[in-house]
Amino acid sequence: MLQWKQHQMDDQVVWTGTNSIIELTIAANLGSKVISLKNLKTGREWLSRTDNPLGNNGYASSFADSDGSGWDEMFPTINVCQYPEFPWKEVQLPDHGEVWSIPWHVLAHEGKLSCEVYGVRIPYHLKKTYSFTKEQRLRIDYSVQNLSPFPFSFLWAAHPLFQVEEGMEMIVPHEMNTIVVSYSQDGRMGQRGDVQKWPIPYADREQIRLNVVEAATARTAEKYYFQGELAEGKASLLDPVTGEQLTMLFPKDKVPYLSIWANAGGYLGQYHVAIEPATGFLDDLSYAMEHKSVAVVEAHGTYEWFLEIELITGRNDSEYR
């Protein structure tokens, strides 16, 4: 059973959970951000950490002004936008959503950790509970309850900034071979909405391989979504040198989209990759609603999904496969 303890870290109240393989630490007052995810068998820290002090500038602040570390929850949008429909028409939703920059209530019970928060500008109740299905597999069960008598559309995305090294590989289902650009530093991949091939977008520039992590000196940064709904809810990050692998598993009927944020120094000089399962398409909730590529929770209803993280120690460690 996973054990949880509350303690102080970098002037923050945090919760740390540990079993025989995985250790994770969550900062409740920082949007329930996961600030550490370790493989205890190898000592590998999977989440990126900058030199910036942990923290943010509060509700509706810019994500760029935060610590740029760890794993945040993006909800109910990623890009700043206005909700396009009654009864919240023209209500502005902040950068990277409402919940990453405000405190959550956290409770440990029976080996699980439950975290919850309420919407600020839209009436909802978002919950997540951490548990384990196997020693090497972390499970997070999510639910959002609509506290209003009107349908509520939302875009949730996991936003884990993974610590990477040059040559690490991103693995997605083989059917996924086309991407749509959301952001590209200096336009290397084109403009927002442009469609490219995965993993080699340009036949005349085969050195650009999107499934391989570039060097920190590349000074590139891109965000893109795989086009259309997923064939399988699965994506991985592999270190081919050690054989260590992190795999994300999720229900494709509830979380039908997948995006990747790859930052090789091009944005704020930071170096990380985020693999982001999402319930909506292309970062902007209003865009997703317009294109009917968004999750909807009905009046007074509840929408539930999950995300599992599996850590494989190495290619020869069959005990944990």
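Structural data are supplied above this passage.
In what follows, the accompanying structure is described. None of these values were measured; they are calculated from a predicted model. (Residues numbered from 1 in each chain as written. Predicted model: local features only at pLDDT ≥ 70, side-chain atom pairs only at ≥ 80, totals over all residues. Heavy atoms only, no water.)

**Side note on the overall build of the protein**
Here comes step 1: Scanning the protein for helices and strands turns up one helix and 24 strands.
Here comes step 2: Here the C-alpha radius of gyration of the protein, 19 Å, is about what a compact globule of 321 residues would show, namely 20 Å.
Here comes step 3: Its C-alpha atoms give the protein principal-axis dimensions of about 50 × 45 × 35 Å.
Here comes step 4: A total of about 13,400 Å² of accessible surface is found on the protein, and carbon and sulfur atoms cover 47% of it. (Helix = DSSP H or I, 4+ residues; strand = E, 2+ residues; numbered from the N terminus. Rg over C-alpha atoms; globule rule 2.2 N^0.38 Å. Areas by Shrake-Rupley, 256 points an atom, 1.4 Å probe, with all protein chains shown as cover.)

**Notes on the pattern of salt bridges**
Here comes step 1: Using the criterion set out here, one finds 14 salt bridges in the structure.
Here comes step 2: Its salt-bridge partner being Glu-244, residue Arg-44 comes within 3.1 Å of it at the nearest N-O pair. Of the two residues, Arg-44 is situated in strand E5 (residues 44-45) and Glu-244 in the loop between strand E19 (234-238) and strand E20 (245-249); the sequence distance between them amounts to 200 residues. Of the two residues examined, Arg-44 and Glu-244, each falls in the buried class.
Here comes step 3: One salt bridge connects Lys-128 with Glu-73, and the closest N-O pair in it is separated by 2.9 Å. Placement of Lys-128 in strand E11 (residues 124-134) and of Glu-73 in strand E6 (residues 71-74) is noted, with a sequence separation of 55 residues between them.
Here comes step 4: Here Lys-128 falls in the buried class, since its relative accessible area comes to 1%.
Here comes step 5: Under the relative-accessibility criterion, Glu-73 is labelled buried at 2%. (Salt bridge = Lys/Arg side-chain N within 4 Å of Asp/Glu carboxyl O. Buried < 20%, exposed > 50% of the residue type's maximum accessible area, 1.4 Å probe, protein only.)

**Quick look at the packing of aromatic side chains**
Here comes step 1: Taken as a whole and assessed by the stated rule, the structure comprises 26 aromatic pairs.
Here comes step 2: When the ring of Tyr-83 is compared with that of Trp-88, the centres are 5.5 Å apart and the planes differ by 85 degrees; the resulting orientation is edge-to-face. Grouping residues by exposure puts Tyr-83 and Trp-88 together as buried.
Here comes step 3: A ring pair is formed by Trp-198 and Phe-226, whose centres lie 4.9 Å apart and whose planes are at 70 degrees; its orientation type is edge-to-face. (Phe/Tyr/Trp six-rings, centres within 6.5 Å; stacked < 30°, edge-to-face > 60°.)

**Looking at the sheet that holds E11**
Here comes step 1: Reading across from one edge, E9-E10-E11-E12-E24-E20-E19-E15 is the order of the eight strands in this open sheet, with antiparallel pairing throughout. Strand pairing shows two members of the sheet lacking a second neighbour, strand E9 (105-109) and strand E15 (169-171), which therefore form its edges. The mean angle between the axes of side-by-side strands here comes to 15 degrees, regardless of whether they run parallel or antiparallel.
Here comes step 2: Sheet topology places strand E10 (residues 112-118) next to E11; six bridges connect them, and they run antiparallel. The residue of E11 that forms the bridge with Val-117 is Leu-126. (Pairing = 2+ DSSP bridges. Axes fitted to C-alpha atoms, helices over the stretch in contact; angles between N-to-C directions.)

**Examining the environment of Glu-23**
Here comes step 1: Mapped onto the elements of the fold, Glu-23 is located in strand E3 (residues 22-27).
Here comes step 2: For the pair Glu-23 and Gln-270, spaced 247 residues apart in sequence, the C-alpha separation works out to 24 Å.
Here comes step 3: Not counting residues up to four positions away in its chain, the partners in contact with Glu-23 are Thr-16, Gly-17, Thr-18, Ser-36, Leu-37, Lys-38 and Leu-40. (Contact = heavy atoms within 4.5 Å.)

**Remarks on the nonpolar core**
Here comes step 1: Ranked by internal contacts, the top residues of the largest apolar core, which has 87 residues, are Tyr-130, Phe-152 and Phe-154.
Here comes step 2: In terms of residue count, the dominant contributor to this core is strand E24 (residues 302-312) (five residues).
Here comes step 3: Leaving out residues up to four positions away in the same chain, Phe-154 has contacts with Phe-75, Pro-76, Val-144, Thr-279, Leu-285, Val-294, Ala-295, Val-297, Tyr-303 and Trp-305.
Here comes step 4: Val-14, Ala-27, Leu-30 and Ile-35 belong to the second-largest nonpolar core, a separate cluster that totals five residues. (Core = buried A, V, L, I, M, F, W, Y, C linked by side-chain atoms within 4.5 Å.)

**Topic: the layout of surface pockets**
Here comes step 1: One number sums up the size of the largest pocket: a volume of about 400 Å³.
Here comes step 2: Forming the walls of the largest pocket are 22 residues, and the residues nearest its centre are Phe-63, His-96, His-159, Trp-261 and Tyr-267.
Here comes step 3: Counting residues per element, the ones that place at least two in the lining of the largest pocket are strand E16 (178-184), strand E21 (257-264) and strand E22 (271-278).
Here comes step 4: Counted by class, the lining of the largest pocket contains eight nonpolar, nine polar and five charged residues. (1 Å grid on protein atoms, 1.4 Å probe; cavity = no way out; pocket = protein on both sides within 12 Å on 5 of 7 lines; lining within 4 Å. Points joined across faces, edges and corners; volume = space filled by probe spheres on them. Nonpolar A, V, L, I, M, F, W, Y, C, P; charged D, E, K, R; others polar.)

**Remarks on the side chain of His-159**
Here comes step 1: With respect to the helices and strands, His-159 occurs in strand E14 (residues 157-160).
Here comes step 2: Owing to a relative accessible area of 7%, His-159 belongs among the buried residues under this scheme.
Here comes step 3: Here Glu-276 takes part through its side chain, which lies 2.6 Å from a polar atom of the side chain of His-159. (Polar contact = N/O pair within 3.5 Å; in protein donor to acceptor, adjacent residues only side chain to side chain.)

**A look at empty space enclosed by the protein**
Here comes step 1: Under the counting rule described, the total for this entry stands at one cavity of 30 Å³ or more.
Here comes step 2: Taken as a whole, the largest cavity spans an internal volume of roughly 120 Å³.
Here comes step 3: Lining the largest cavity are 17 residues, with Leu-210, Val-212, Val-213, Glu-214 and Ala-262 sitting closest to its centre.
Here comes step 4: A per-class count over the lining of the largest cavity returns 10 nonpolar, three polar and four charged.

Everything listed here is a matter of geometry and, on its own, says nothing about what the molecule does.
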